[in-house]
Amino acid sequence: MIMHECSHVGCTELIPFNVRYCEKHKKQKAHEVIQSHKRNDKFWGFYQSQQWRKTRNAYMDGHPWCEECLRNGRHKLATSVDHIKPLKLCDENEQLSFDNLQSLCPSCHNYKTRQEQKSYINK
Ligand SMILES: [Zn+2]
Ligand SMILES: [Zn+2]
């Protein structure tokens, strides 16, 4: 087996040539990736917050049907609460304002997400 040193600066642990880090630093690197992902996704914390969960549940209680389907005369149970104005464009009040929320079923939610991604790519 060809061995080389761990790629972590200053680590001299010998490891097989086909892995980059020793056991210890492999764990550390994986942890760093998760941390930077959380930092980059600034809405990650928002969707985990008590405030949002409460608002979302309260809204769903009052709006159990998919609002997009209702507009088209269909009754489908909603499974998610969507921000009409995308979260990244909302100020703090709008993030939790019922006026900016709508209940959506999975297919309408997927459709809207796709549309938003498309318009994002086009810009
Ligand atoms: Zn190492
Ligand atoms: Zn729907």
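What counts as what
Residues numbered from 1 in each chain as written. Chains lettered and ligands numbered in written order. Predicted model: local features only at pLDDT ≥ 70, side-chain atom pairs only at ≥ 80, totals over all residues. Heavy atoms only, no water. UniProt positions renumbered as here; feature names shortened; annotations may be inferred. Donors = N, O, S within 2.8 Å, 3.2 Å for Na, K, Ca; no water. Tetrahedral: all angles 85-135°; square planar, octahedral: opposite > 155°, others 65-115°. Buried < 20%, exposed > 50% of the residue type's maximum accessible area, 1.4 Å probe, protein only.

The protein carries the name Putative HNH nuclease YajD in an unreviewed UniProt entry, which gives Lentilactobacillus kefiri as its organism. The Sequence similarities (unreviewed entry) comment attached to the protein in UniProt states, word for word, "Belongs to the HNH nuclease family."

Q: A description of the coordination of the zinc ion (ligand 2) should follow, citing residues and the corresponding values.
A: Taken together, the protein donors to the zinc ion (ligand 2) comprise C66 (SG), C69 (SG), C105 (SG) and C108 (SG), at separations of 2.2 to 2.3 Å. Of note is the zinc ion (ligand 2), whose 4 donor atoms meet at the metal with angles of 105 to 116° in an arrangement that counts as tetrahedral. Every donor residue of the zinc ion (ligand 2) comes from the same chain, spaced as C-x2-C-x35-C-x2-C. The exposure classification of C66 matches that of C69, with both residues buried.

Q: Quick one: what's the story with the coordination of the zinc ion (ligand 1), residue by residue and with numbers?
A: Every protein donor of the zinc ion (ligand 1) is accounted for by C6 (SG), C11 (SG), C22 (SG) and H25 (ND1), and the metal-donor separations fall at 1.9 to 2.4 Å. In this structure, the zinc ion (ligand 1) is coordinated by 4 donor atoms arranged in tetrahedral fashion, with angles at the metal of 99 to 119°. Mapped onto the sequence, the residues coordinating the zinc ion (ligand 1) show the spacing C-x4-C-x10-C-x2-H. Take C22: its relative accessible area is 5%, and that puts it in the buried class.

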